[in-house]
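Observations on the model geometry
Letter by letter, the chains look like this.
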Protein chains: 4
Amino acid sequence: MARPQDPRAKIELLKAAEAVFVEHGLDRAKVEEITARAGRSKGSFYLHFASKEEAFRQIVETLVARLSSCVDDPPPPGSFDLEELFEQQLQRGVETFEFLWVNRGVVGLLLCGGGSASFGYLIEELEQQYQQVIGRWLRWGVAQGIYRKDLDIELISLALAGAYDGLARRVVRQTKRPDLRAMVLEMERFTARAVGTFEYIAQFDCMVRNLERKRKQ
Amino acid sequence: MARPQDPRAKIELLKAAEAVFVEHGLDRAKVEEITARAGRSKGSFYLHFASKEEAFRQIVETLVARLSSCVDDPPPPGSFDLEELFEQQLQRGVETFEFLWVNRGVVGLLLCGGGSASFGYLIEELEQQYQQVIGRWLRWGVAQGIYRKDLDIELISLALAGAYDGLARRVVRQTKRPDLRAMVLEMERFTARAVGTFEYIAQFDCMVRNLERKRKQ
Amino acid sequence: MARPQDPRAKIELLKAAEAVFVEHGLDRAKVEEITARAGRSKGSFYLHFASKEEAFRQIVETLVARLSSCVDDPPPPGSFDLEELFEQQLQRGVETFEFLWVNRGVVGLLLCGGGSASFGYLIEELEQQYQQVIGRWLRWGVAQGIYRKDLDIELISLALAGAYDGLARRVVRQTKRPDLRAMVLEMERFTARAVGTFEYIAQFDCMVRNLERKRKQ
Amino acid sequence: MARPQDPRAKIELLKAAEAVFVEHGLDRAKVEEITARAGRSKGSFYLHFASKEEAFRQIVETLVARLSSCVDDPPPPGSFDLEELFEQQLQRGVETFEFLWVNRGVVGLLLCGGGSASFGYLIEELEQQYQQVIGRWLRWGVAQGIYRKDLDIELISLALAGAYDGLARRVVRQTKRPDLRAMVLEMERFTARAVGTFEYIAQFDCMVRNLERKRKQ
DNA sequence: CATGAATGAGGGTTCATTCAT
DNA sequence: TATGAATGAACCCTCATTCAT
């Protein structure tokens, strides 16, 4: 019977908070600016968040959780269709980068130490997780015979994680939407050449040509 | 403001400031903690720096300037000894990463958005600069016939800059000094495979073998 | 503001308010805690009280009013039965202390400056009133020839009011119900000795013995 | 070499704080008002006190400590000059009440629950301590044969402590300095009559007369 | 009338910066 | 020049009160 809670309130506050955090970082963001942008009173902020940090945490943790689910482990050993798998991974990659692009504000924040010294651990964990998945793919590729046997997995996964990481940083910094598909494809090609056997490189180029042909139809 | 007499004062303050900035970020760093660590008075800080931000700027700009000089453009067209050049670049890369390692505190700060939303432009400029140099090397390599002709220079330079960037981030985060030389060599190998012609890749492996042989003597 | 319908509401709110005020004092008591304890909405509080202070005032003023009626003036000059009078006063005193004990929460609050600097006047007035009644009894006793003629009424009434006051403070602070009758009786004995003539003291002891004999039957 | 700390600062702040706390109680006192009255900046308050509560605690604990030392235990068994002892105790009492009068602001605050629900324990402890000392004097007096043997020490000490307590409350509330000596003397007389044997009461009156005679010379 | 979401004034505390010594 | 005491603007958060439903 009481005034029903405005369902847009929290969403608008989160949106405003996101914008302000992106603009100023956690420490310089003012709760008052957040609420002003959301067109609400200062007090309303505390109806939805226990503190400024709490709102920040909510924003970045949500993002991290979604980014965390953006990578697949390699399939279990057994028969599989390489071309299909490649297409899947490419699709996955594009989706991920699209997600990054759409959320480039907060992602930028997150990649920059979380806007505050105290949230760096989040991105560190995420990057470590990514690097480990890459490591597993590398080992899988070696086992499949498509990647070179002499890879220093530790170093290469570091470099590859770094390459994707750096790419992500650059994407979120753009002002115009880049051709994300081309970008991911190029990264795949890049990776294939860096770690693939000569045979696989040829096979890879062939897969890419097939893919492009399909798309044009 | 006249130059103060005691030259150690500023150095000690900078050292302390660096440590405190690294630990807490610009916004949460307290001038008092800086001066306390430097064993100086709070007032002395303002004899050397106009403000907290100014000290921060000095620290990061100095670092950026030195990092900025860590890359060489490719040599002008004409004859050159590829092996010597490779060795030079390798050497350069190791030195750069050693510098990063030694200054890993501030570099980490810098890579994390400068510890505050307002210094991100510094690292952005630096990364852009690196990417451009990489782009020039790529074009040079293509012109030399050692890199593949079908490279999307824009994308590849982005990816490579990202890879080095990501590697740097991971290095400065380590607690134990990694084998930097192996790391740089691996990155070179990685790059060579990613962008080199098949011929060059073979030549590259050969160069690496020669190099290792020399080192052992 | 029309009288609200639900009469239990106000009672429950007053009970809850009393508890919360006793626990935290006026300033630190939160309206929300009061309504939560009363199982009502925050808004309902303002249907019954104009403000938090108003509720507080209502609680303490009610108490003060009832405490105010706990003392009798001495009887008019003329004949009277001293033993009966003594018994009446003793009874009255016990009832008063029982009332204090039952309401020890709010009484404690009231005696402690009203939980806030702004309600001290209430207790001051009450204590002054008590002191004056005591003064009248003293004068009456002197006139009756049962109290010593050389009493400094002003001072003695001050001391006696203080003694009862202090006793009240101690009673409301107990966790177990003390023997209130013994307490009041002791105070009466104490008073009798302090202000009575030697004759009256003997008479008093006799009255007490009679009383105790009656009670045992 | 730096600006020396103004030695009056803390004292002035304490004085101002005392006044403001007395006026409004802990919760309603504003740090800003304290510093304004002390003619200082708001920040200066925090150079001397960790928090508003801390300043409050300092003020009341100091007072309690001094009040705590205002009572003497009875002398050890053995011979002693009763008149001298009486004179000493009278003197002691007068000094105590003079101290209360001089500090009537804070004492009033203290007696009113410490101005906040959370400091009540201080006065409770103090009052308990006083009551115990009174109990020891009573036992001593009984042992000396000057107090009646049938005293309910527990109750009487409660009543006496209450009487002094109530007196103190009334004293600190006065606007004009009362005749403290007369007051204490009357309390002594009051006590003597309440608990003394008939013999002692006579002796007491005699001591008082001697004392008054001495004073007039 | 009853509800509880929304409001926003208010105040404690921090800390960069100034400045008297 | 060097010091560190003093300053006061800034800002988070609380909570009494209002009011739309």
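Refer to the structure printed above.
Residues numbered from 1 in each chain as written. Chains lettered and ligands numbered in written order. Predicted model: local features only at pLDDT ≥ 70, side-chain atom pairs only at ≥ 80, totals over all residues. Heavy atoms only, no water.

Let's talk about the relation of the copies chain A and chain B
Selection rule: Least squares is the method for superposing the copies, and the C-alpha atoms it fits come from residues with pLDDT of at least 70 in both. In this analysis, two residues are considered to be in contact whenever any of their non-hydrogen atoms come within 4.5 Å of each other.
With an RMSD of 0.4 Å, the operation that places chain A on chain B is a rotation of 178 degrees combined with a shift of 0.1 Å along the axis. On the angle and the small slide along the axis, the relation comes out as a two-fold axis. When C-alpha distances to the rotation axis are compared across chain A, the minimum falls at A:Ala163, with a value of 1.7 Å. Interface overlap between copies: 98% of the residues of chain A at the interface are likewise at the interface in chain B, consistent with a symmetric, same-surface contact.

Describing the pattern of salt bridges
Using the following cut-off: Here, a salt bridge means any side-chain nitrogen of Lys or Arg that lies within 4 Å of a carboxyl oxygen of Asp or Glu. Secondary structure elements are defined from DSSP: runs of H or I of at least 4 residues count as helices, runs of E of at least 2 residues count as strands, and each element is numbered from the N terminus. Throughout this description, buried means an accessible area under 20% of the type-specific maximum (1.4 Å probe, protein chains only), exposed means over 50%, and partly exposed covers the range between.
A complete count under the given rule lists 91 salt bridges over all chains for this structure. Two residues, A:Glu87 and A:Lys214, come together in a salt bridge whose shortest N-O distance is 3.0 Å. One end of the pair, A:Glu87, is in helix α5 (residues 82-102); the other, A:Lys214, is in helix α10 (residues 198-216), with 127 residues separating them in the sequence. For A:Lys214, a relative accessible area of 43% translates into the label partly exposed. Between B:Asp73 and B:Arg136 there is a salt bridge, and its shortest N-O distance comes to 2.7 Å. Highlighted residues: B:Asp73 in the loop between α4 (52-68) and α5 (82-102) and B:Arg136 in helix α7 (residues 120-144), separated in sequence by 63 residues. The exposure class of B:Asp73 is partly exposed, given its relative accessible area of 42%.

Focus on the interface of chain D and chain C
Keep this limit in mind: A simple way to read buried area is as the amount of 1.4 Å-probe accessible surface that goes missing from two parts once joined, with both sides added. For the purposes of these results, a polar contact is taken to be a pair of N or O atoms within 3.5 Å, where, inside protein, one atom must be able to donate a hydrogen and its partner to accept one; residues adjacent in sequence count only when each atom of the pair is a side-chain atom.
In this complex, chain D contributes 40 residues to the contact, which on the side of chain C involves 40 residues. When the two sides are added together, the surface that chain D and chain C hide from each other amounts to roughly 3500 Å², 61% of it contributed by carbon and sulfur. Considering only the surface of chain D that becomes buried against chain C, D:Arg28, D:Arg170 and D:Phe190 emerge as the three largest contributors, covering 20% of it. Taken together, chain D and chain C are joined by 12 salt bridges. Across the salt bridge formed by C:Asp27 and D:Arg28, the nearest N and O atoms sit 2.6 Å from each other. The interface formed by chain D and chain C includes 9 residue pairs in polar contact (both at pLDDT 80 or more). Contributions of two or more residues to the side of chain D that touches chain C are made by α1 (7-28), α7 (120-144), α8 (153-173) and α9 (180-195) of chain D. The leading source of residues in the side of chain D that touches chain C is α8(D), at 14 residues.

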